[in-house]
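# Structural overview for review
Chain residues, written in single-letter form:
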Protein chains: 2
Amino acid sequence: MLSEERILRQLSQAGYRITQPRRAVVRALLEDDGYSNAAKVHERARLYCPGVGLVTIYRTLDLLSEAGFLRRIHSQDGCHGYAPIQRGHRHHLICRRCGAAVEFKGCDLVPFLDRVSDETGYRIEEHLLELIGLCSTCQELSTPCPHSQEPSPRSTPGHDDEK
Amino acid sequence: MLSEERILRQLSQAGYRITQPRRAVVRALLEDDGYSNAAKVHERARLYCPGVGLVTIYRTLDLLSEAGFLRRIHSQDGCHGYAPIQRGHRHHLICRRCGAAVEFKGCDLVPFLDRVSDETGYRIEEHLLELIGLCSTCQELSTPCPHSQEPSPRSTPGHDDEK
DNA sequence: TTGTGTGCAAAATCTTTGCACTTCG
DNA sequence: CGAAGTGCAAAGATTTTGCACACAA
């Protein structure tokens, strides 16, 4: 897995300068689990480099993305999410109620990925997995899941509607 | 797979009105395979409902998303991509080069999720899985590993225009 | 010292909201 | 006919660009 030092070293070797803002962004990315967007990274990066501007965040994210440390999610069509590329994938399991996050190793996915790859002809390079649920504590506190995404015909015609 | 008629019927049963713009959006989504954003849907929907405005596209995408026919990709962090949900729980496999997206069934994930659930005590309700790679066409087009996740030292500071 | 990198401000995009008019049911 | 739905315009967000100053090498 890539450490902060290693990333910085590689950037340096590639001819980029190692600046405070860049350090801060790299650090923020490594600490922030899962996907990030510019605003989130900015907020976090300011902890390490208080004066850093949002513009610099964008530029640094681009740079890291070019350099191969980040993957832009849906880069084509204007989606502006980023996810760190990590060897030894770690995935996250997040409690939707209390926000507790657990990391787990997800290597069991490999056979699944192989199958998908066979079926689709795609060569799979990266995967992003995030699980959302209730941790054991919150399961006790909570009533059964109120919402669901099934396209079930809703009996209530009432629009809960436009926010 | 969900047909246009079926979606419209379900919307109608749920109390929504079936209008020309909505028809057009549904149609556009079904024809455009894979991942779309508002602008793309708009362009296509105008073929069926020339006067339709972009605003209506956004509102209809929201509606379809609420109703469970669309999955907002990375809804979390302000990513504004959408992909049709065809049936049950599926995930997306996206070509990083051309953006082509394929949905695939994720049932093989269940044993994996069960294991994670056992190990962590979490009850898993949702999962977000996205695979990124190269589709077969782009594999051919692409030169043998021109870039890769390896951050190769760049000799030229100049930017290539590649995105 | 040099030129890459940064911050600020402003432009360009993308998305949402308010309001009067349309149209489905 | 009545209320949901639409389009337009304008407000809000988000991202990019231009330029002079700052700082890593």
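In the block above lies the structure referred to throughout.
In what follows, the accompanying structure is described. (Residues numbered from 1 in each chain as written. Chains lettered and ligands numbered in written order. Predicted model: local features only at pLDDT ≥ 70, side-chain atom pairs only at ≥ 80, totals over all residues. Heavy atoms only, no water.)

## Structural notes on the overall build of chain A
Looking only at helices and strands, one finds six helices and five strands in chain A. When the helices and strands of chain A are listed from N to C terminus, the series reads α-α-α-α-β-β-β-β-α-β-α. For chain A, buried positions account for 43% of its 163 residues. Taking the intrachain contacts of chain A between residues at least 6 apart in sequence as the baseline, contacts between residues at least 24 apart amount to 47%. (Helix = DSSP H or I, 4+ residues; strand = E, 2+ residues; numbered from the N terminus. Buried < 20%, exposed > 50% of the residue type's maximum accessible area, 1.4 Å probe, protein only. Contact = heavy atoms within 4.5 Å.)

## Focus on the packing of aromatic side chains
Applying the stated rule across the entire model yields zero aromatic pairs over all chains. Its end group placed over the ring of A:Tyr48, A:Arg27 keeps NZ or CZ at 4.6 Å from the ring centre. (Phe/Tyr/Trp six-rings, centres within 6.5 Å; stacked < 30°, edge-to-face > 60°. Lys NZ or Arg CZ within 6 Å of the ring centre and 35° of its normal.)

## Concerning the environment of B:Leu64
Residue and element names in this part refer to chain B. Inspection of the secondary structure assignment puts Leu64 in helix 4 (residues 54-67). Linking Leu64 and Tyr82, residues 18 residues apart in sequence, is a C-alpha distance of 10.0 Å. Among all residues touching Leu64, those that are not within four sequence positions of it are Ile7, Leu11, Val25, Val26, Leu29, Phe69 and Leu70.

## Remarks on the protein's contact with DNA strand C
Around DNA strand C, the structure places 18 residues, and the nearest of them are A:Arg17, A:Arg22, A:Thr56, A:Arg59 and B:Tyr58. Sugar plus phosphate: this is where 63% of the atoms of DNA strand C within 4 Å of the protein reside. In the environment of DNA strand C, a base nitrogen lies 2.8 Å from a nitrogen or oxygen atom belonging to the side chain of A:Arg59. A distance of 2.8 Å separates a base oxygen of DNA strand C from a polar atom in the side chain of B:Arg17. For the surface near DNA strand C, the elements supplying multiple residues, two or more each, are helix 2 (20-31) and helix 4 (54-67) of chain A together with helix 4 of chain B. Grouping the amino acids of the surface near DNA strand C by side-chain chemistry returns seven nonpolar, five polar and six charged. (Near = heavy atom within 4 Å. Polar contact = N/O pair within 3.5 Å; in protein donor to acceptor, adjacent residues only side chain to side chain. Nonpolar A, V, L, I, M, F, W, Y, C, P; charged D, E, K, R; others polar.)

## Side note on the side chain of B:Thr60
Residues and elements named next belong to chain B. Inspection of the secondary structure puts Thr60 in helix 4. There is a polar contact of 2.7 Å between the side chain of Thr60 and the backbone oxygen of Thr56. Once residues within four sequence positions are removed from consideration, Thr60 is found in contact with Arg22 and Val25.

## A closer look at helix 5 (residues 109-120) of chain B
At 3.6 residues per turn, the α-helix brings residues three or four places apart onto the same side. All names here are of chain B. Spanning twelve residues, helix 5 covers 16 Å between terminal C-alpha atoms, matching the ideal 16 Å at 1.5 Å per step. Among all positions of helix 5, only Leu109, Phe112, Leu113 and Val116 are buried. Buried residues along helix 5 cover an arc of 100 degrees about the axis, so they all sit on one side. When the buried face of helix 5 is taken as reference, the exposed residues oriented beyond 90 degrees from it are Pro111 and Asp118. Within two residues after helix 5, Gly121 carries a phi angle of roughly 80 degrees, on the positive side. (Expected span 1.5 Å × (residues − 1). Arc of directions from axis to C-beta.)

## Topic: helix 1 (residues 4-13) of chain B
Residues and elements named next belong to chain B. Within helix 1 the residues assigned to the buried category are Glu4, Ile7, Leu8, Gln10 and Leu11. The buried residues of helix 1 occupy one face: seen down the axis, they fall within an arc of 160 degrees. Elements in contact with the buried residues of helix 1: helix 2 (20-31) and helix 4. Positive phi shows up at Gly15, right after helix 1, with a value of about 100 degrees.

## Describing the pattern of salt bridges
Pairs can form between side chains of opposite charge whenever their charged atoms are close. Residues and elements named next belong to chain B. Counted according to the given criterion, the structure contains six salt bridges over all chains. Here Arg27 and Glu4 are joined by a salt bridge, their closest N and O atoms 3.8 Å apart. Within this pair, whereas Arg27 is found in helix 2, its partner Glu4 is found in helix 1, the two being separated by 23 residues in sequence. Among the residues examined, Glu4 registers a relative accessible area of 18% and is labelled buried. (Salt bridge = Lys/Arg side-chain N within 4 Å of Asp/Glu carboxyl O.)

## Some remarks on the environment of A:Glu43
All names here are of chain A. Mapped onto the fold, Glu43 is located in helix 3 (residues 38-48). According to the relative accessible area criterion, Glu43 is exposed, its value standing at 56%. In this structure, the C-alpha to C-alpha distance between Glu43 and Val25, residues 18 residues apart in sequence, is 9.9 Å.

## Side note on the packing of helix 3 (residues 38-48) of chain B against helix 4 of chain B
Residues and elements named next belong to chain B. Contact geometry of helix 3 with helix 4 gives a least axis separation of 9 Å together with a crossing angle of 115 degrees. The angle between the axes of helix 3 and helix 4 places the two elements in the roughly perpendicular class. The crossing of helix 3 and helix 4 is right-handed. Residues Ala38, Val41, His42 and Ala45 of helix 3 pack against Leu54, Ile57, Tyr58 and Leu61 of helix 4. Partitioning the contact of helix 3 with helix 4 into residue classes produces seven nonpolar, one polar and no charged. (Axes fitted to C-alpha atoms, helices over the stretch in contact; angles between N-to-C directions. Parallel < 35°, antiparallel > 145°, perpendicular 65-115°, else oblique. Left-handed = near helix turned anticlockwise from the far one by under 90°.)

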